[in-house]
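# A look at the structure
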Amino acid sequence: METNSIKEILNKKPIGSTITVKGWVRTFRSNRFIAINDGSTLKNIQAVVDFENFDADLLKRITTGACLSIKGDLVNSQGKGQEIEILVSEIEIIGDSNPEEYPLQPKKHSLEFLREIAHLRPRTNTFGAILRVRHNLAFAIHQYFHNKDFFYLNTPIITGSDAEGAGEMFNVSVLDKKNIPLTDEGEVDYSQDFFGKEANLTVSGQLEAELAALALSKVYTFGPTFRAENSNTTRHLAEFWMIEPEVAFNDLDDNMDLAEDFLKYVIRFALENCVDDLEFLEKRLLDEEKSKPLNERSDMPLTEKLRFVSENNFRRVSYTEAIDILRNSKPNKKKKFQYLIEDWGVDLQSEHEKFLVKHFNAPVILFDYPAHIKAFYMRLNEDGKTVRAMDILFPGIGEIIGGSQREERYDILEQRIEEFGIEKESLMWYLETRKFGTCTHSGFGLGFERLVQFVTGMGNIRDVIPFPRTPGNAEF
Ligand code: ATP
Ligand code: MN
């Protein structure tokens, strides 16, 4: 007997046919109405039991959380609230769920509590919706690049390169912690370690993606990255997924065009393919924000904001222009910023990024940053003091993308590596691409969870990944 997904049944409405559904009980009311959910969609299906035809002991086992298989005829519903329902002829309890112990009751649970039971939270409406949106975004990302003739590239997760420079790394070692071998200089002797050298978890696949772009022209990565940053914010994880396109012959303007077009595409995809889930998440957010002061609430309902971003041009603003705006801004003059903006050259804090997004009332692409606050591989401008870097700032999230045109000139790259105090030997493989057929190329990194945060309206990044890893937490 074929099992039908609830999504399929609700879409096709095969009235009059006998169907089987398997799923988990959300509620069972009046010893008669079972609401079943199988995760294929946000919506439950209602199964109606004529209790006189069933054993009372069996009915007692239909509790919230229990797993059931139900067979019956699909009919038009007599009641309000649903169009169709199943008149149950057979019930099989696949897995019992003791109602005294099951932590998910049909009531509101706090997001903090749900984080503690991350093994069960996919069974809530909120997390079901988030996981389905997350899937759709991942699918849209692959589809976008595939349609544009990009190749999906898998860069290493364990890396022997320690010069990526994007953040603190997690060491990968099998050395005996109780008896670490030391060199004559008293340092850890990694030559005795698994790889014969020091190895770490990757913080970015960019440098390796560049190598492939200089052969296949258009590539992208979509993989896990790891940063041992001790920042307990609502936008940082120790393990997150990053999408990094890298394109030969693209300059910074092409890079901005690609990033903007790409973000709009995947957001539109979610709007078109996650209608129910986004509607639910929009209501959830409105509800959550009712308890917040007015100035902390969103200016627009979730889907309106998504439409706004996917339909309007991002504002492209140079770092220098942004500094002028910030220096003359009200919060700067009234000393409301925690970090006041005085001189050109300072790094922007998230309070400044948020101000700029509000100021322009649109996503903002900042470009041409001071060289000394950005990475060694970014292309130096003619002025000798700025680099062809870009950050994309989104409402509520701040930085969602960081990217640049890469330094393709051997001599200048070599000089920059020296200035950054990086051992040149360790980057010979990278430098060699500039020696053999170098060319203009650009790319960027999108933090997948920041995108999922934006699209779902979730305030904390821990709630958009199934099992978050943060300082002090690696449960499950
Ligand atoms: P931030 O200033 O927000 O820490 P970053 O400058 O360190 O970001 P990049 O190194 O440019 O970020 O990484 C590219 C993208 O990866 C960022 O734009 C962001 O979307 C995402 N990202 C960076 N660090 C994290 C993190 N710890 N958790 C989740 N996403 C992250
Ligand atoms: Mn960072």
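A separate point is the site of ligand 1. The local shell around ligand 1 holds 15 residues, among which E229, H236, E399, I400 and R450 are the closest. In this structure, I400 approaches ligand 1 through a main-chain N or O atom, which is 2.8 Å from an oxygen atom. Between ligand 1 and the protein, one listed contact pairs an oxygen atom with a side-chain N or O atom of R450 at 2.8 Å. Calculation on ligand 1 without its partners gives an accessible area of 580 Å², and the protein chains cover 81% of this total. Put simply, the parts of the chain that give the shell around ligand 1 at least two residues each are β11 (239-248), β15 (398-405) and β16 (441-447). In terms of residue count, β15 provides more of the shell around ligand 1 than any other element does, four residues in total. Residues that form the shell around ligand 1 fall into these classes: six nonpolar, four polar and five charged.

So, about unusual backbone geometry. A negative phi holds for most residues other than glycine; trans holds for most peptide bonds. Non-glycine residue S217 carries a positive phi angle of around 70°. Here S217 is to be found in the loop between α5 (206-216) and β10 (218-226).

This brings us to the sheet that holds strand β8 (residues 171-172). With antiparallel pairing, three strands are arranged side by side in an open sheet as β7-β9-β8. The open sheet is flanked by β7 (158-159) and β8, the only strands paired with a single partner. Examined bridge by bridge, β7 and strand β9 (residues 199-201) share two bridges and lie antiparallel to one another. Each bridged residue has a counterpart across the sheet, and for T159 the counterpart in β9 is N200.

This part covers a nonpolar patch on the surface. The grouping of I157, I158, V174, F194 and F195 at the surface amounts to a nonpolar patch, some 510 Å² of accessible area in total. Structurally, the position occupied by I158 is in strand β7. Residue classification places I158 among the partly exposed positions, given a relative accessible area of 40%.

It is a general feature of regular strands that their side chains alternate between the two faces of the sheet. Burial within β10 is extensive, with eight of its nine residues counted as buried. Alignment of strand β6 (residues 151-152) against β10, held across two bridges, turns out to be parallel. Looking across to β10, one finds that Y152 is bridged to Y220. Where β10 meets β11, nine bridges bridge the pair, whose relative direction is antiparallel.

Ordered in space as β1-β2-β3-β5-β4, the five strands form a closed barrel in which the pairing is mixed. The mean angle between the axes of side-by-side strands here comes to 55°, regardless of whether they run parallel or antiparallel. In this structure, strand β3 (residues 45-48) lies alongside strand β5 (residues 84-95), joined through three bridges in parallel fashion. When the sheet's bridge partners are listed, V48 is paired in β5 with L87.

Counted at 1.5 Å a residue, the expected span for helix α4 (residues 125-147) with its 23 residues is 33 Å, and the 33 Å between its end C-alpha atoms agrees. D149 lies just past α4 and shows a positive phi near 65°.

If you want to describe how two helices pack, look at the angle between their axes and the distance between the axes. Put simply, helix α8 (residues 302-311) and helix α14 (residues 448-456) touch, their axes get as near as 8 Å, and they point 120° apart. Relative to α14, α8 is oriented oblique. In this structure, α8 uses L302, K305, L306 and V309 to contact α14, whose residues at the interface are F454, V455 and T456. Looking at side-chain class alone, the contact of α8 with α14 contains five nonpolar, one polar and one charged residues.

Summed over all chains, the structure comprises 22 aromatic pairs. Their ring planes at 90° and their centres at 5.6 Å tell us that Y319 and W344 sit as a pair that is edge-to-face. Taken as a pair, Y319 in helix α9 (residues 319-327) and W344 in the loop between α10 (330-333) and α11 (350-360) lie far apart in primary sequence, 25 residues in all. For the pair F376 and Y430, a centre-to-centre distance of 6.1 Å together with 75° between the ring planes defines the contact as edge-to-face. Taken together, the residues span a long stretch of sequence, with F376 in the loop between β13 (364-370) and β14 (386-394) and Y430 in helix α13 (residues 428-432) at a distance of 54 residues. The exposure classification of F376 matches that of Y430, with both residues buried. Chaining the aromatic ring pairs together yields one cluster made of Y144, F145, F150, Y152, Y220, F262, Y265 and F444. When the ring centre of W344 is taken as origin, the NZ or CZ atom of K385, which lies over that ring, is 4.5 Å away.

Let's shift gears to the pattern of salt bridges. One pass over the structure, following the stated rule, counts 27 salt bridges. In this structure, D96 and R61 form a salt bridge, with 2.8 Å as the shortest nitrogen-oxygen distance. Here D96, found in the loop between β5 and α3 (111-116), pairs with R61, found in the loop between α2 (56-60) and β4 (67-76); they are 35 residues apart in sequence, far enough to count as distant. Taking relative accessible area as the criterion, R61 reaches 35% and is therefore assigned partly exposed. The salt bridge involving D287 is made with K108; its shortest N-O contact spans 4.0 Å. Here D287, found in helix α7 (residues 275-289), pairs with K108, found in the loop between β5 and α3; they are 179 residues apart in sequence, far enough to count as distant. In this structure D287 comes out as partly exposed when scored by relative accessible area, which is 40%. Salt bridges sharing common partners tie together E210, E246, R406 and R434.

In this section: the nonpolar core. In summary, soluble globular proteins display a tendency toward joint burial of nonpolar side chains. In terms of nonpolar packing, the biggest core is built from 62 residues, with L278, F394, L451 and V455 touching the most fellow members. Sort the elements by how many residues they give to this core and helix α6 (residues 252-273) lands first, with eleven residues. Excluding residues within four positions of it along the chain, F394 makes contact with L263, I267, V309, F314, V357, P363, I400 and F454. L348, L356, Y369 and L380 belong to the second largest nonpolar core, which has 30 residues in total.

The rules we used
Residues numbered from 1 in each chain as written. Chains lettered and ligands numbered in written order. Predicted model: local features only at pLDDT ≥ 70, side-chain atom pairs only at ≥ 80, totals over all residues. Heavy atoms only, no water. Near = heavy atom within 4 Å. Polar contact = N/O pair within 3.5 Å; in protein donor to acceptor, adjacent residues only side chain to side chain. Areas by Shrake-Rupley, 256 points an atom, 1.4 Å probe, with all protein chains shown as cover. Helix = DSSP H or I, 4+ residues; strand = E, 2+ residues; numbered from the N terminus. Nonpolar A, V, L, I, M, F, W, Y, C, P; charged D, E, K, R; others polar. Pairing = 2+ DSSP bridges. Patch = residues over 30% accessible without salt bridge, like charges linked within 9 Å, V, L, I, M, F, W, Y side chains within 5 Å. Salt bridge = Lys/Arg side-chain N within 4 Å of Asp/Glu carboxyl O. Buried < 20%, exposed > 50% of the residue type's maximum accessible area, 1.4 Å probe, protein only. Axes fitted to C-alpha atoms, helices over the stretch in contact; angles between N-to-C directions. Expected span 1.5 Å × (residues − 1). Parallel < 35°, antiparallel > 145°, perpendicular 65-115°, else oblique. Contact = heavy atoms within 4.5 Å. Phe/Tyr/Trp six-rings, centres within 6.5 Å; stacked < 30°, edge-to-face > 60°. Lys NZ or Arg CZ within 6 Å of the ring centre and 35° of its normal. Core = buried A, V, L, I, M, F, W, Y, C linked by side-chain atoms within 4.5 Å.

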